[in-house]
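# Chain and residue survey
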Amino acid sequence: MEKTISSQQQSKNYVLPIIIMFALFFMIAFVTGYQNPLGSVIKKMTGGNAILTQLGTLANFIAYAFMGLPAGMMLQKKGYRITSLGAVSVGFIGVLITYMSQFIGDVNTSVVIYLIGAFVSGFSMCMLNTVVNPMLNSLGKNENQGNQLVQFGGACNSLGATLAPMVVGALMGQNATSIADANAVFYMAMGIFAAAFLVIYFSKLPESPTLGQKTEEVKASGAFKYRNFVLGVVAIFCYVGVEVGIANFSLQYVENYLKENPETVSTAAATAGAVSGVYWLLMLVGRLIGGAVGGKVSSRAMLAFVAIVGLVFLALAINLPESITVDMFGIDKENGFEITTVVLPISVLFLILCGLCTSVMWGAIFNLSVSGLGKYTQVASGIFMVMVCGGAIWPFIQSLIVGDGGLSSYLSSFWLVFALVAYQLFYALVGSRVKKA
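### Topic: the overall build of the protein
When helices and strands are tallied, the protein shows 17 helices and two strands. Counting only residues that meet the buried cut, the protein has 57% of its 437 residues in that class. By element, 66% of the accessible surface of the protein is carried by carbon and sulfur atoms, the whole surface being about 16,800 Å².

Structure representation (structure tokens):
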């Protein structure tokens with residue numbers, strides 16, 4: 001009886017930490033998400049091509065390569081609370097730098113300062129990711145429930161990612177030509193970071209029982225003795241490229257399609273942001289479903305299923321002719337943010353439907369990768385964060401494929417995404433089996 005009461009009390013004590021972790025998941029996506037709409041502004045400021053639209057995303061995600069291991073070591077030595085406080089502080093500074101870039105007269109210098117801000121913000125996102133994933137995974141009573149909590153956290157992440165392109169696209173509109181047009185977004189982001197700092201500072205987060213004790217040094221190399229972790233690191237590297245690549249280039253494709261077909265809608269940028277927002281909204285739906293069934297369905301089965309469906313959607317999006325169209329919704333800023341209808345190629349529909357598939361991949365991969373790692377779990381989380389730089393590298397490669405080409409080059413670039421999703425299927429079926437390397 002005492003054991004049951006203790007277990008219930010422990011569950012109650014975990015409610016606030018879980019809510020805080022969910023809120024941090026939201027912040028990660030929102031701050032990362034506004035880089036994509038801003039990329040279109042940078043392109044206009046510099047008169048460049050599709051490659052320049054990815055510079056902010058590149059700077060944001062490449063920061064993970066530099067901060068992943070330090071963040072894992074900080075988590076191991078200082079714990080969840082100190083690492084979280086450090087992360088939101090760095091995030092506030094990163095957004096502030098981006099905001100200040102608008103006051104630089106020279107365009108090239110302004111873009112450089114903007115990229116520095118995106119890079120610093122990436123440090124924050126990396127640190128936050130290093131905290132929230134292992135903490136939520138450890139709060140579950142077993143492997144499936146750990147995955148379930150990460151999926152629900154991912155749903156909050158998707159909510160932030162859904163709002164980011166919609167809010168930023170609607171606020172800036174298609175006529176945005178400077179970073180100053182996103183001031184309201186910067187104020188919002190800095191306010192969220194400041195509020196998060198206060199909430200975490202005055203809250204008690206559960207820590208590892210070994211924190212502060214003299215224990216044997218856990219070296220990162222130990223995690224690489226496990227094959228499921230090694231191949232999982234590659235899976236995460238590929239997955240983030242899939243998630244970001246679909247979101248970024250479906251938005252760019254829609255925006256360019258609307259510019260070539262101006263009769264379809266009056267506000268291209270706002271509508272493109274709305275369409276991209278639907279992708280993240282579907283990720284939210286997928287993660288809610290994943291969280292609901294995560295306690296019953298294994299991470300391996302979940303990952304294999306969504307990878308197969310994702311491959312089908314991508315193949316259809318790439319190969320279906322542009323003449324087949326579908327009505328989708330957008331936002332008309334000039335008429336008071338009214339919902340409007342826009343005719344788009346059906347390929348766009350299948351691209352955003354991929355959000356249902358990519359939604360559960362992160363949680364499933366993380367869960368499968370750290371299975372059996374024991375004492376290496378926290379340092380493994382830091383290594384994982386290094387591989388999030390795939391969100392910079394793969395979309396940049398995709399932008400090279402697009403280059404200065406036409407609309408068809410945007411769709412052709414998704415063959416790269418197809419190959420990355422194919423690896424997820426391999427990892428689910430073969431690579432995720434727990435085995436020493």
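So much for the structure itself; the text now carries on.
### Concerning the nonpolar core
Membership of the largest hydrophobic core comes to 129 residues, with the highest contact counts inside it found for Met21, Leu24, Phe186, Phe229, Leu344 and Ile365. Among the elements that make up this core, the one with the highest residue count is helix 8 (residues 227-260) (17 residues).

### Some details on the packing of aromatic side chains
Taken as a whole and judged by the stated rule, the model has 18 aromatic pairs. Its guanidinium or amino end placed over the ring of Tyr201, Arg81 lies 5.3 Å from that ring's centre, counting from NZ or CZ.

### A short note on helix 11 (residues 346-353)
Summarising burial for helix 11: six of the eight residues are buried, a large majority. If you check which residues of helix 11 are buried, you get Ile346, Ser347, Val348, Phe350, Leu351 and Ile352.

### Focus on the environment of Val234
Mapping Val234 onto the fold places it in helix 8. Sequence separation between Val234 and Met387 is 153 residues, and the spatial gap between their C-alpha atoms is 7.4 Å.

### Here's the deal with the packing of helix 15 (residues 390-402) against helix 17 (residues 414-431)
Contact pair helix 15 / helix 17: the axes reach a minimum separation of 9 Å and the direction vectors enclose 145 degrees. Contact residues: Trp394, Ile397, Gln398 and Ile401 in helix 15; Phe414, Leu416, Val417 and Leu420 in helix 17.

Parameters and conventions
Residues numbered from 1 in each chain as written. Predicted model: local features only at pLDDT ≥ 70, side-chain atom pairs only at ≥ 80, totals over all residues. Heavy atoms only, no water. Helix = DSSP H or I, 4+ residues; strand = E, 2+ residues; numbered from the N terminus. Buried < 20%, exposed > 50% of the residue type's maximum accessible area, 1.4 Å probe, protein only. Areas by Shrake-Rupley, 256 points an atom, 1.4 Å probe, with all protein chains shown as cover. Core = buried A, V, L, I, M, F, W, Y, C linked by side-chain atoms within 4.5 Å. Phe/Tyr/Trp six-rings, centres within 6.5 Å; stacked < 30°, edge-to-face > 60°. Lys NZ or Arg CZ within 6 Å of the ring centre and 35° of its normal. Axes fitted to C-alpha atoms, helices over the stretch in contact; angles between N-to-C directions. Contact = heavy atoms within 4.5 Å.

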